[in-house]
Amino acid sequence: MLYMDYAATTPVRPEVQEEMTHYFAAQFENPHSPHEAGLRVKAAVEEARERVGRVIGVSPRQVVFTSGGTEANNLAILGGARARRKRGNHLVTTSIEHKSVLGPMSALAKEGFGVDFFPLDSTGLLDREKWQECLTPQTVLVSVGHANNEIGTLQPVAELAPVLRQKGILFHCDCIQSFGKVWVDAAEIGADLISVSGHKLYGPKGVGFLYVGPGVRLEPLMYGGGQERGLRPGTLNVPAIMGLAKAVELAGQEYKRELLRLLALRTELINRALLIPGVYLNGHPTQRLPHHVNLGVSGIEGQVIVSEMGKRGIAISTGAACSSGSREPSHVLMALGQAAGEAAQGFRITVGVDTTVQDILSFAANLSRVVDDLSERFCFHK
Ligand SMILES: *Cc1c(COP(=O)(O)O)cnc(C)c1O
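The model shown is predicted, which means the values in this text are computed figures rather than measured ones.

Trainee: Even after reading the chapter, I still don't get the side chain of Q338, so can you show me in this structure?
Mentor: Residue placement: Q338 occurs in the loop between helix 9 (331-335) and helix 10 (340-343). Within the structure, the side chain of Q338 is placed 2.8 Å from the side chain of N282, a separation counted as a polar contact. Residues contacting Q338, with those up to four places away along its chain left out, are N282, L333 and A343.

Trainee: What's the story with the site of the ligand in this structure? I'm lost.
Mentor: Near the ligand you find 13 residues, and of these T70, D174, Q177, S197 and K200 are the closest. One of the side-chain N or O atoms of D174 is found 2.7 Å from a nitrogen atom in the ligand. Residue Q177 places a side-chain N or O atom 2.8 Å away from an oxygen atom belonging to the ligand. Alone, the ligand offers 380 Å² of accessible surface; in the complex the protein occludes 87% of this.

Trainee: I keep staring at the state of the cysteines and nothing clicks. Help me out?
Mentor: One covalent bond between the sulfur atoms of two cysteine residues makes up a disulfide. Under the criterion given, the structure shown has zero disulfides. Residue C134 stays outside any disulfide, its sulfur separated by 17 Å from that of C173, the closest cysteine. We note that C175 lacks a disulfide partner, and the nearest cysteine sulfur, in C173, lies 3.4 Å from it.

Trainee: Which parts of the structure should I look at to understand helix 8 (residues 302-311)?
Mentor: The periodicity of an α-helix, 3.6 residues per turn, causes residues three or four positions apart to be oriented the same way. Among the residues of helix 8, G302, I305, V306, E308 and M309 are the ones counted as buried. Against strand 10 (292-297), strand 11 (314-315), strand 12 (347-350) and helix 11 (357-378) lie the buried residues of helix 8. In the stretch just after helix 8, G313 is the one whose phi turns positive, near 85°.

Trainee: Any chance you could explain the environment of R61 here in plain terms?
Mentor: In this fold, R61 is placed in the loop between helix 2 (36-56) and strand 2 (63-66). For R61, a relative accessible area of 56% gives the class exposed.

What counts, and at which threshold
- Residues numbered from 1 in each chain as written.
- Predicted model: local features only at pLDDT ≥ 70, side-chain atom pairs only at ≥ 80, totals over all residues.
- Heavy atoms only, no water.
- Helix = DSSP H or I, 4+ residues; strand = E, 2+ residues; numbered from the N terminus.
- Polar contact = N/O pair within 3.5 Å; in protein donor to acceptor, adjacent residues only side chain to side chain.
- Contact = heavy atoms within 4.5 Å.
- Near = heavy atom within 4 Å.
- Areas by Shrake-Rupley, 256 points an atom, 1.4 Å probe, with all protein chains shown as cover.
- Disulfide = S-S within 2.5 Å.
- Buried < 20%, exposed > 50% of the residue type's maximum accessible area, 1.4 Å probe, protein only.

So, to be careful, I would describe these as geometric facts and stop short of saying anything about function.
As structure tokens, then:
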């Protein structure tokens, strides 16, 4: 099988797996136990926190381990908004965010918060002239993802940060798709709260972290033993945390070199795909993740392309993994102004560490044949 769905998840790297294995059995003790063995595990976890902090350029105190990206987003948004309820009741986000951002926003709307959406253009890019008009004196939190998981568009988040800081508005940035692809340094993002997930960066599933900037107060979502400064109680998932730290370190060492390689592969893929009759690109042509392509073929449902490519041994997807299968047209493409029929045509190809130029050529040749066959069957483009 040719795997081209790295935005959905990535394989755990051997170095990461090795690091984790040790903490399943050899050092299995509870990091919160008072005995020697427990203290040694605690020291390993605190070292992992330091390693993560070093890569992203923040103090280890500001790294809160979570059960993944979804929890990091929920803690940032629910926790940030609820802690500021007395100051204001207005939140702003975009309509193309991941469901783990839009879900908490809807929950807060039921708690009495007003939620507005920044205007976007047809490539998913934030309107740089008009976004500030959405802010009111009641605005307490803004959440804008750095890179969209479905269409790959990169937002100019570094431009938002100083404006929001000056207005005293908490800024959360879902950086789950972009970490280790185009950034590793928190200062480049400039947000108060940054979410990262392990399994999108060659680490394990079910673990992630939230960067919580200095002086940022959050209301916890759960109550218990007070771990993670009371923000995320519960016995720490030590093997996953150790694996995450290793994956973060490897990303920090390699991402600049890998970025150029992925960019070349992606550009080749887009250029070849656009030669096929009826194929068009979704999202921004250049302001996008280096490993990310979202295409459509006029007149053919994305689901059909995904299934036909699957029969040929190539794994790609329609929008987000969590909403694929629902057969609802993508909420992201609809938010960009596409009609339901057009939005249903979108499909995503994302490349990664094991992808070669040969794979790109094979993908393009197979897509061309699939489109040809389907067009003949449905009398399109002929
Ligand atoms: C995958 C993803 C999430 C959810 O992360 P999990 O670790 O799978 O819970 C959130 N936001 C974006 C942009 C993602 O791509």
